Amino acid sequence: MRPASRRLRIDGPAGSIECAVDEPAAGGSRGVALVAHPHPLFGGSLDNKVAQTLARAFVELGYAAWRPNFRGVGASEGAHDEGRGEVDDLAAVLRHAGATRPVLAGFSFGAAVQTRLA
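Everything numeric here is computed off the predicted structure, so don't read it as measured data. (Residues numbered from 1 in each chain as written. Predicted model: local features only at pLDDT ≥ 70, side-chain atom pairs only at ≥ 80, totals over all residues. Heavy atoms only, no water.)

Here we come to the environment of Ala 111. Examined against the element boundaries, Ala 111 turns out to sit in helix 3 (residues 109-117). In this structure, the C-alpha to C-alpha distance between Ala 111 and Ala 20, residues 91 residues apart in sequence, is 18 Å. (Helix = DSSP H or I, 4+ residues; strand = E, 2+ residues; numbered from the N terminus.)

The following block contains the structure:
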């Protein structure tokens, strides 16, 4: 996405979850935006251009944007769970990020998982 994207791994229910985090340049953020990518079995990842565009828009609005890779994608551990375990993974990312009133966004499969999380 941007050179300022920070990559990290957090503990999740099926192992570590790889995340990319983008934060506003002005320091503090107004909250956390969680962005979920399209279907992992069809090439979806946190580097998807729609997920990156959503994250960029949230950063411009003053949010810290978190983009996790679902289970089995990139450096995220575990195996695809047809959307069930992926909900738990997103919840783990929100807990780690300290989000109390997050903004949820996603594309395709990611939007469906976010709906279940909400």
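By secondary structure assignment, the location of Asp 89 is in helix 2 (residues 84-97). For Asp 89, a relative accessible area of 5% corresponds to the buried category. Those residues in contact with Asp 89 that sit more than four places away from it in its chain are Pro 13, Ala 14, Ile 17 and Arg 71. Side chain to side chain, Asp 89 and Arg 71 meet in a polar contact 2.6 Å long. (Buried < 20%, exposed > 50% of the residue type's maximum accessible area, 1.4 Å probe, protein only. Contact = heavy atoms within 4.5 Å. Polar contact = N/O pair within 3.5 Å; in protein donor to acceptor, adjacent residues only side chain to side chain.)

Before going further, it helps to examine helix 3. What helix 3 keeps buried is the set Phe 109, Gly 110, Val 113 and Gln 114. What you see down the axis of helix 3 is that its buried residues fit within an arc of 135°, all on one side. Residues of helix 3 that are buried in the fold lie against strand 3 (32-36), helix 2 and strand 5 (103-106). (Arc of directions from axis to C-beta.)

Bringing the packing of aromatic side chains into the picture now. Counting across every chain of the model gives two aromatic pairs. Where Phe 58 meets Tyr 63, the ring centres are 5.9 Å apart and the plane angle is 85°; that geometry is what we call edge-to-face. Residue classification places Phe 58 among the buried positions, given a relative accessible area of 13%. Residues Phe 70 and Phe 109 carry aromatic rings whose centres are separated by 5.4 Å and whose planes lie at 85° to one another, so their mutual orientation is edge-to-face. One end of the pair, Phe 70, is in the loop between strand 4 (64-68) and helix 2; the other, Phe 109, is in helix 3, and 39 residues separate them in sequence. (Phe/Tyr/Trp six-rings, centres within 6.5 Å; stacked < 30°, edge-to-face > 60°.)

Strand order in the open sheet made by the five strands is 1-2-4-3-5, with mixed pairing throughout. Bordering the open sheet on either side are strand 1 (6-12) and strand 5, each of which pairs with just one other strand. Taking each pair of neighbouring strands and ignoring which way they run, the sheet shows an average axis angle of 30°. In this fold helix 3 packs onto strand 3 and strand 5, with an angle of close to 150° to the strand it touches most, strand 5. (Pairing = 2+ DSSP bridges. Axes fitted to C-alpha atoms, helices over the stretch in contact; angles between N-to-C directions.)

For the rest of this paragraph, the subject is helix 1 (residues 49-60). Helix length check: helix 1 (12 residues) gives 16 Å between terminal C-alpha atoms against 16 Å at 1.5 Å per residue, within 8%. The set of residues buried in helix 1 consists of Ala 51, Gln 52, Ala 55, Phe 58 and Val 59. Take helix 1 and look down its axis: the buried residues cluster within an arc of 125°, on one side only. Exposed and facing more than 90 degrees away from the buried side of helix 1 are Lys 49 and Glu 60. Considering only its buried residues, helix 1 is in contact with strand 2 (15-22), strand 3, strand 4 and strand 5. A distance of 2.8 Å separates the backbone nitrogen of Val 50 from a side-chain oxygen at the start of helix 1, and that oxygen is part of Asn 48. Gly 62, located one to two residues past helix 1, shows a positive phi value of around 100°. (Expected span 1.5 Å × (residues − 1).)

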